[in-house]
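Fold and contact review
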Amino acid sequence: LFISVCCDSFTPNIQQRLMTTPQASTHTPSASSKTMKELFHRIYCLILPPGGAGATASVLMCNANAVGSIGILAYMSLSGALLDAVGVAFVEPRLFGYLAIIGLSTATAV
């Protein structure tokens, strides 16, 4: 719960930064700062569409959902819960329908 509250407090600020156009810097960075800046710029270019207009809301939601899904899959794989979940899904096929309904209703709510 604590981690969730902390992440929820940072998310709006990060989203606002990602949705705005990056501004040009006026100072000359050092060599180590320049390397980090290049790394962040490459990551920034991977996340955002070309043209420098900032991320759209749909791109931002897609990225947030992808990161969350990867995190959940990693946790479930490491804890062994993923195999249990797959086993239950094959025994109880209605689970796929329930998960689809939950996914569609969540996508509609966002």
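Refer to the preceding data block for the structure.
Bear in mind that the values here come from a model prediction, so they are computed numbers and not experimental data.

1. Here we look at the overall build of the protein chain
Of the regular secondary structure elements, the protein chain holds five helices and zero strands. Listing each helix as α and each strand as β along the protein chain from the N terminus yields α-α-α-α-α. For the protein chain, buried positions account for 6% of its 110 residues. Across the protein chain, contacts joining residues at least 24 apart in sequence account for 59% of those joining residues at least 6 apart. Counting only carbon and sulfur atoms, one obtains 72% of the accessible surface of the protein chain, whose full area is about 9100 Å².

2. Quick look at the packing of aromatic side chains
In this description, an aromatic ring pair is defined by two values, namely the gap between the centres and the angle between the planes. Tallied over the entire structure, the rule returns one aromatic pair. Each ring, one from Phe-90 and one from Phe-96, has its centre 6.4 Å from the other, and the planes form 70°; the classification is edge-to-face. Residue classification places Phe-96 among the partly exposed residues on the basis of a relative accessible area of 46%.

3. A look at the pattern of salt bridges
This structure, assessed with the given rule, holds one salt bridge. Of the charged contacts, one joins Glu-92 and Arg-94 as a salt bridge, the two residues approaching to 2.9 Å between their closest N and O atoms. With relative accessibility at 35%, the residue Glu-92 sits in the partly exposed group.

4. A look at the packing of helix H3 (residues 57-79) against helix H4 (residues 81-91)
One way to put it is that H3 packs onto H4 with a least axis distance of 5 Å and a crossing angle of 95°. By the angle between their directions, the pair H3 and H4 is classed as roughly perpendicular. On H4, the residues touching Leu-73, Met-76, Ser-77 and Ser-79 of H3 are Ala-81, Leu-82 and Ala-85. Tallied by class, the residues present in the contact of H3 with H4 amount to five nonpolar, two polar and no charged.

5. Let's talk about H3
The end-to-end C-alpha separation of H3 is 33 Å, in line with the 33 Å expected for 23 residues at 1.5 Å each. Immediately beyond the C-terminal end of H3, within one or two residues, lies Gly-80, with a positive phi of roughly 90°.

6. Thoughts on the environment of Ala-85
Here Ala-85 is to be found in helix H4. Look at Ala-85 and you get partly exposed, because its relative accessible area is 32%. Sequence spacing of Ala-85 and Leu-95 is ten residues, and the spatial spacing of their C-alpha atoms is 9.8 Å.

About the thresholds
- Residue indices begin from 1 for each chain and proceed along its sequence in written order.
- This being a predicted model, a pLDDT of at least 70 is required before a residue's local features are given, and a value of 80 or more before pairs of side-chain atoms are given or counted; all residues contribute to the totals for chains, interfaces and linings.
- Computation of side-chain values: all heavy atoms of the structure, hydrogens and water removed.
- Put simply, DSSP marks the helices as runs of H or I at least four residues long and the strands as runs of E at least two long, and each gets a number from the N terminus on.
- Relative accessibility decides the category of a residue: with a 1.4 Å probe and only protein chains considered, values under 20% of the type maximum give buried, values over 50% give exposed, and everything between is partly exposed.
- Contacts were defined at the residue level, with two residues in contact if any of their heavy atoms lie within 4.5 Å.
- For the area figures, the Shrake-Rupley method with a 1.4 Å probe applies, and any residue is considered shielded solely by the protein chains shown.
- Aromatic pairing here means that ring centres of Phe, Tyr or Trp (its six-membered ring) are within 6.5 Å. Orientation follows from the plane angle: under 30 degrees is stacked, over 60 is edge-to-face, and everything else is tilted.
- A pair is scored as a salt bridge if a Lys or Arg side-chain nitrogen falls within 4 Å of a carboxyl oxygen belonging to Asp or Glu.
- In this description, a line fitted to the C-alpha atoms serves as the axis of each element, helices being fitted only across the stretch in contact, and the angle between N-to-C directions of two axes falls anywhere from 0 to 180 degrees.
- Throughout, the term roughly parallel applies to angles under 35 degrees, roughly antiparallel to angles over 145, roughly perpendicular to angles from 65 to 115, and oblique to all others.
- Each residue receives one of three labels: charged for Asp, Glu, Lys and Arg, nonpolar for Ala, Val, Leu, Ile, Met, Phe, Trp, Tyr, Cys and Pro, and polar for the others, Gly being one of them.
- Helix span, expected: 1.5 Å multiplied by one less than the number of residues in the helix.

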